[in-house]
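Each chain is listed here by its residues.
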Amino acid sequence: MSTTERPRILVVGGGYVGLYAAKRILKKMRYGEATVTVVDPRSYMTYQPFLPETAAGNISPRHVVVPLRRVLPKAEVLTGRVSTIDQDRKVATVTPLVGEAYELPFDYLVVAMGAVSRTFPVPGLAENGIGMKGVEEAIGLRNHVLEQLDKADSTKDEEARRKALTFVFIGGGFAGAETIGEVEDMARDAAKYYPTVKREDMRFILVDAAPGILPEVGPKLGEWGLEHLKKRGIEVYLGTSMDSCVDGHVVLKNGLEVDSSTIVWTAGVKPNPVLSRFGLPLGPKGHVDVDASLQVKGTDYIWAAGDNAQVPDLAAGKDGAFCPPNAQHALRQAKVLGDNVISGMRGFPQGKYKHANKGAVAGLGLHKGVAMIVFGKKKIKLKGRLAWYFHRAYHGMAVPTWNRKIRVFADWTLGMFLKREVVSLGAMEHPRGEFYDAAAPVTAAAAAKAEAAKADKDKAQTADSSADDRAGAKSEPAKTS
């Protein structure tokens, strides 16, 4: 950590807003003007719109993450969590990955903690659900789905086979619809290599409490996406929710009951709950309350943006409207936020954030997608292969750094000529398991048990030997002189 007397700009969170805001501040400030410190539990930023394609194996997991220390070489990057903020003293409490928590003073604060999965008290969800907020979950989902195909192809138990080949997805927004579209695509391809598993044996189920899916692209394109998924054999249940999933037994509110080994939860997000310990003004849903300059209301040294803030949508033209939490707004908010931090540090007026929606794109598997492109007051609606091209072009250019852009486009290019990889590396989740079994010390209880078993075996062998000796003595003929 820096020991200089320069002002410290503390950026809490290294996601989209945190990364780009820190990058903007470093670019705009003069040499030695301040110290920029970024704190995040992970040493990398994840480009979340690519998680469905990562789960399907279209993009390498390492290509959807951006290492913070590489992109922000002039900043301090601390791997840990900010657990509390003392605004009176301007001190943050940082809990590192190892060691005890410590206090970190700051002069200016940027809150960019993002969001976490929004869950409900559904019995069995914590034990059986799989989220889709991080690259680790995307890798885990891919390995898990392919492992279910391995199990189904190897077992004679019809009930276990049926459970392995049933995949339930909760949530019909971008994350849910894109993930089920990509995973179904992958499973369909993978089934070609399993003699006893066909696509007809699999059951894909999408559940949402809303009356439609993909609300971000509008009702017409959402309806097209719904019909497209149904044509691919995906069951869609709208206007309902999941009541429980204990031991993989899924019970929906509409009465449907199925056994599934794969339950993917993508039913929305909520602001990071740690925000409640920062003493900041929060909105009704837990977002930090900011004005149009992205400055936290009631302060002159704290800014917030992205998924953890409710940012007024000036382009909407109506009071009470807030910007939707997507990558399009996060990128532009981060730039305005960075400029305003520099302006606030120098005593200049703050700029306001205003950005009109440019549309939305969604991929539903290879060569399939929907897109709504906004040009002024005109909306262009696309579907199918052309929409998929727009989806890839937009996100391919939006992913941070040219290093990652090139790697992602290289993955896509190779995918045009090479077959999709369908290898499950589930053992990666417990890489030391096999070695531990070989090297684990024998516990006293296990040693005693093994010794008792050996003693019983020796006793049995002794008894058998004695019995053989007695039988031999009886059968031996008498000797004559």
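Residues numbered from 1 in each chain as written. Predicted model: local features only at pLDDT ≥ 70, side-chain atom pairs only at ≥ 80, totals over all residues. Heavy atoms only, no water.

1. Let's talk about the packing of aromatic side chains
Next, step 1: For the structure on display, the rule yields 10 aromatic pairs.
Next, step 2: With 5.2 Å between their ring centres and 20° between their planes, Tyr-16 and Tyr-20 make a pair best called stacked. Of this pair, Tyr-16 and Tyr-20 both sit in helix H1 (residues 16–28), 4 residues apart, which is roughly one turn of the helix.
Next, step 3: An angle of 25° between the planes, with centres 6.5 Å apart, marks the rings of Phe-169 and Phe-204 as stacked. Pair noted here: Phe-169 is in strand S11 (residues 166–170) and Phe-204 is in strand S12 (residues 203–208), with a separation of 35 residues, a long-range link. The pair formed by Phe-169 and Phe-204 is uniform in burial state, with each residue classed as buried.
Next, step 4: Connected via pairs of aromatic rings, a cluster forms that spans Tyr-16, Tyr-20, Tyr-47, Phe-50, Phe-409 and Trp-412.
Next, step 5: Above the plane of the ring of Tyr-301 lies Lys-90, whose end atom (NZ or CZ) is 4.3 Å from the centre.
Next, step 6: Against the face of Trp-402 rests Lys-405, its NZ or CZ located 5.6 Å from the ring centre. (Phe/Tyr/Trp six-rings, centres within 6.5 Å; stacked < 30°, edge-to-face > 60°. Helix = DSSP H or I, 4+ residues; strand = E, 2+ residues; numbered from the N terminus. Buried < 20%, exposed > 50% of the residue type's maximum accessible area, 1.4 Å probe, protein only. Lys NZ or Arg CZ within 6 Å of the ring centre and 35° of its normal.)

2. Points about H1
Next, step 1: With 13 residues, H1 extends 18 Å from end C-alpha to end C-alpha; this agrees with the ideal 18 Å at 1.5 Å per step.
Next, step 2: Taken residue by residue, H1 has Tyr-16, Val-17, Gly-18, Leu-19, Tyr-20, Ala-21, Ala-22, Ile-25 and Leu-26 as its buried positions. (Expected span 1.5 Å × (residues − 1).)

3. Things to note about the pattern of salt bridges
Next, step 1: Following the criterion strictly, the structure yields 19 salt bridges and no others.
Next, step 2: For Arg-89, the salt bridge identified is with Asp-86, shortest N-O distance 3.5 Å.
Next, step 3: For Arg-89, a relative accessible area of 47% puts it in the partly exposed group.
Next, step 4: A salt bridge links Arg-199 to Glu-184; the shortest N-O distance between them is 2.7 Å. Within this pair, whereas Arg-199 is found in the loop between helix H7 (174–190) and S12, its partner Glu-184 is found in helix H7, the two being separated by 15 residues in sequence. (Salt bridge = Lys/Arg side-chain N within 4 Å of Asp/Glu carboxyl O.)

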